[in-house]
Amino acid sequence: MHAFNYEAPSTLADALKIMKAHGDKARPICGGTDLLIQMRAGVRQPDFIVDIKRIKEMRELKFNARTGLRLGAVVSCIDVAENAEMQRHYPGLTEAAHLIGSLQIQNRASVGGNLCNGSPAADTTPALIALRARGRIVGPRSEREVPVEEFVVSPGRTILKPGELLVQLMIPAPAPHSSDAYLRFIPRNEMDIAVVGVGASVTLNGDTIKAARIGLGAVAATPLFADKASESLIGKKLDEHALATAARLASEQASPIDDMRGTAEYRIHVTGVLTRRALTIATERARKH
Amino acid sequence: MAKKTLVEANINGEVVEFLCEPRQSLLECLRDVLELTGSKEGCLTGDCGACSVLVDGRAVCSCLMLGVEAQGKNIRTVEGLADGTTLHPLQQKFLEHASLQCGICTPGFLMSATALLERNSNPTEAEVRYALAGNLCRCTGYDKIVRAVLDAAGSIRSGVKTSRAA
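Description of the structure in this document.

The rules behind the values
- Once a new chain begins, its residue numbering starts again from 1 and follows that chain's sequence as written.
- Here the convention is simple: chains get letters from A, ligands get numbers from 1, in the order in which they are written.
- Under the rules for a predicted model, residues below a pLDDT of 70 receive no local features and side-chain atom pairs below 80 are neither given nor counted, while totals for whole chains, interfaces and linings still include all residues.
- Hydrogens and waters are ignored; side-chain quantities use all the structure's heavy atoms.
- Each helix corresponds to a stretch of at least 4 residues labelled H or I by DSSP, and each strand to a stretch of at least 2 residues labelled E; elements are numbered beginning at the N terminus.
- In this setup the radius of gyration rests on C-alpha atoms only. A globule is expected at 2.2 Å times the number of residues raised to 0.38.
- Only protein chains enter the accessibility calculation, which uses a 1.4 Å probe; a residue is then buried when its area is under 20% of its type maximum, exposed when over 50%, and partly exposed in between.
- Contacts between residues were defined by any pair of non-hydrogen atoms, one from each residue, lying within 4.5 Å.
- Computed by Shrake-Rupley with a 1.4 Å probe, the accessible areas treat only the displayed protein chains as cover when residues are assessed.
- As used throughout, the charge tally considers Lys and Arg to be positive and Asp and Glu to be negative, leaving His and the chain termini uncounted.
- The atoms used to mark charge sites are NZ of Lys, CZ of Arg, CG of Asp and CD of Glu.
- A pair of strands is treated as paired once DSSP finds two or more bridges between them.
- Axis definition: a line fit to C-alpha positions, over the contact stretch in the case of helices; interaxial angles, taken between N-to-C directions, run 0 to 180 degrees.
- Note that the term roughly parallel is reserved for angles under 35 degrees, roughly antiparallel for angles over 145, roughly perpendicular for angles of 65 to 115, and oblique for everything else.
- Should the near helix be turned anticlockwise from the far one by less than a right angle, the crossing is left-handed, and should it be turned clockwise, the crossing is right-handed.
- Residue polarity follows a fixed list, in which Ala, Val, Leu, Ile, Met, Phe, Trp, Tyr, Cys and Pro are nonpolar, Asp, Glu, Lys and Arg are charged, and the others, Gly among them, are polar.
- Basic side-chain nitrogens of Lys or Arg form a salt bridge, by our definition, when they fall within 4 Å of a carboxyl oxygen of Asp or Glu.
- Buried surface area refers to the total accessible area, computed with a probe of radius 1.4 Å, that the two partners give up upon joining, counted for both partners together.
- Relevant arc is that of directions from the helix axis to the C-beta atoms, nothing else.

Another aspect to go through is the overall build of chain A. Of regular secondary structure, chain A possesses twelve helices and 14 strands. Taken over C-alpha atoms, the radius of gyration comes to 19 Å for chain A, in line with the 19 Å a tight globule of 289 residues would show. If one aligns the C-alpha atoms of chain A with their principal axes, the spans along those axes are about 55 × 45 × 30 Å. Taken over 289 residues, chain A has a buried fraction of 56%. Counting only contacts in chain A whose residues sit at least 6 apart along the sequence, the fraction spanning at least 24 positions is 62%. In the structure as shown, chain A presents an accessible area of about 12200 Å², 50% of it carried by carbon and sulfur atoms.

As structure tokens, then:
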């Protein structure tokens, strides 16, 4: 690996100062499970590594039944996946966090880092999109909140400007009779990259769908919010016709590549299949809430 | 060359100080600086698990962690498993079940299995396989490894002396 400097500030203010001083030569490190691989491969060669794991507001995992979830950017995937409150209120997000790499990876990687890495196939991003998550971004002089579906702009690139840090993810409190699910298709059971990933959240009013959101992963240059498929469900019962329409619209929105894991045609098909299944699971869960 | 940093960590129950460059991985620090060569370098991408060690009780790939990130951490490597000349039950059962072929992957498997059994002393076979999914054996000796872990779990539950409190 190339030589670089390293600092591990304990406050956000100090981290921002360092990030500002080094501009685009600085890179934050959380779990490092993507960054160190990229640095070894020479894909990224930052002069300065800022370890953000000691920053208090980034380590928070706070759920409030009224205001929702504040998930610090460095909270590990395993801490999300194994948290009983998270499993109850956001089961789809815990499923996604529990699918990333191996346990060794989940013990280091974070949901925030997964998002910031900007992979089109990130597992937690479609689950976050389904949950209407927003990223709280803090820069040297400004602060902004951005919907997660706008966060990744192209493979490996995000809207973060030099000097900015993703501090927290904010997820609304689950509405009554709502729940979520995440499904991914990969060639083997563990340890692979998604061929297709689908996150879905559903809010019911009796048998009718009051709100729904579908997030898609690995089927476009960035994770997607399948807006047309989501909107098609509003006011409907989750019957065969509604599922078929949502599956078709989600597939239409997918624009995947061919690679060794699957052809574009196959990915488009699987997008529909997983959309159907994720919606069905989320709806079954919502009925129990 | 970037300036070397002094890192203090508890390694296998002992407070250790070592100097490293920021670019050195924890794996390099363990092997090259501290001469703990039990942890093996495999893929350097987090796929093979041969370099797995425990950091604050959790299995991690030491190739994907910087040595400087070990500051203040509690780290356990395969060298810390046995109690003097008494093998850890996992080590003993790996021997009894011949759960090793070339042996390169073994330290990683032992550490992942240790992390599992310290959290769950009565895992199902599926749970064992899931916990070991991040460890690859190129000799494909998986079945014997799984049997050894299940057997070790049994002997830990029945109170066979272990080298280390959970």
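We are not done yet, so read on.
It is worth spelling out the overall build of chain B at this point. A count of helical and extended segments in chain B gives five helices and five strands. Each helix and strand of chain B, ordered N terminal to C terminal, gives the series β-β-α-β-β-β-α-α-α-α. For chain B, whose C-alpha radius of gyration is 16 Å, the value lies close to the compact-globule estimate of 15 Å for 166 residues. When its C-alpha atoms are laid out on the principal axes, chain B stretches across 50 × 30 × 25 Å. Within chain B, the proportion of its 166 residues that are buried is 51%. Long-range contacts, defined as pairs at least 24 residues apart, comprise 57% of the intrachain contacts of chain B with a sequence gap of at least 6. Per element, the accessible surface of chain B, about 7400 Å² overall, is 49% carbon and sulfur. Seen as two clouds, the 17 positive and the 19 negative side-chain charges of chain B have centres 3 Å apart.

For the rest of this paragraph, the subject is the sheet that holds strand β7 (residues 143-147) of chain A. Residues and elements named next belong to chain A. Spatial strand order, β4-β5-β10-β6-β7: five strands in an open sheet with antiparallel pairing. Because the sheet does not close on itself, it has two edges, and the strands there are β4 (61-64) and β7. The mean angle between the axes of side-by-side strands here comes to 20°, regardless of whether they run parallel or antiparallel. Pairing analysis gives four bridges linking β4 to strand β5 (residues 68-72), with the strands arranged antiparallel. Bridging across to β5, Lys62 finds its partner in Arg70.

A few words on the packing of helix α2 (residues 89-96) of chain B against helix α5 (residues 142-157) of chain B. Between two packed helices, the angle of one axis relative to the other and the distance separating the axes together describe the packing. All names here are of chain B. Here α2 crosses α5 at 135°, and the two axes come no closer than 8 Å. Relative to α5, the element α2 lies oblique. Handedness of the α2/α5 crossing: right-handed. When α2 is examined against α5, the residues Pro89, Leu90, Lys93 and Phe94 are found in contact with a partner set consisting of Ile145, Ala148, Val149, Asp151, Ala152, Ser155 and Ile156. For the contact of α2 with α5, the class distribution of residues is eight nonpolar, one polar and two charged.

As a further point, take the environment of Phe94 of chain B. Residue and element names in this part refer to chain B. Mapped onto the fold, Phe94 is located in helix α2. With 33 residues separating them in the primary sequence, Phe94 and Glu127 have C-alpha atoms 18 Å apart. When near neighbours in sequence (up to four residues on either side) are disregarded, Phe94 contacts Ser99, Leu100, Thr106, Phe109, Leu110, Ile145, Ala148 and Val149.

Another aspect to go through is the pattern of salt bridges. Residue and element names in this part refer to chain A. One pass over the structure, following the stated rule, counts 25 salt bridges over all chains. Between Lys17 and Asp14 there is a salt bridge, with the nearest N and O atoms lying 3.7 Å from each other. Of the two residues, Lys17 and Asp14 are both situated in helix α1 (residues 12-22); the distance of three residues between them amounts to about one turn of the helix. With its nearest N and O atoms 2.4 Å apart, the salt bridge here joins Arg285 to Glu95. With a gap of 190 residues between them, Arg285 in helix α12 (residues 264-287) and Glu95 in helix α6 (residues 91-97) connect regions that are remote in the sequence.

This part covers the pairing of strand β11 (residues 178-185) of chain A. Residue and element names in this part refer to chain A. By the criterion of burial, β11 is predominantly enclosed, with six of the eight residues buried. Where β11 meets strand β12 (residues 196-205), eight bridges bridge the pair, whose relative direction is antiparallel. Opposite Asp180, over in β12, you have Ser201 as the bridge partner.

This next bit is on the interface of chain B and chain A. The interface is formed by 27 residues belonging to chain B together with 30 residues belonging to chain A. Here chain B meets chain A over a buried area of about 2400 Å², counting both sides, of which 58% is carbon and sulfur. The largest contributions to the chain B side of the interface with chain A come from Arg23, Leu64 and Tyr130 of chain B, which together make up 27% of the buried area. Counting every contact that joins chain B to chain A gives four salt bridges. Residue Arg58 of chain B is joined to Asp79 of chain A by a salt bridge in which the shortest nitrogen-to-oxygen separation is 3.8 Å.

Below, the discussion takes up α1 of chain A. Residues and elements named next belong to chain A. Along α1, the residues that are buried comprise Leu12, Ala15, Leu16, Ile18 and Met19. Buried residues of α1 fall within an arc of 160° about the axis and therefore sit on the same side. Residues of α1 that are exposed and angled more than 90 degrees away from the buried face: Lys17, Lys20 and Ala21. The elements touched by buried residues of α1 are β1 (5-7), β2 (26-29), β3 (48-51), α3 (56-59), β6 (134-138) and β10 (165-171).

None of this, on its own, says anything about what the molecule does.
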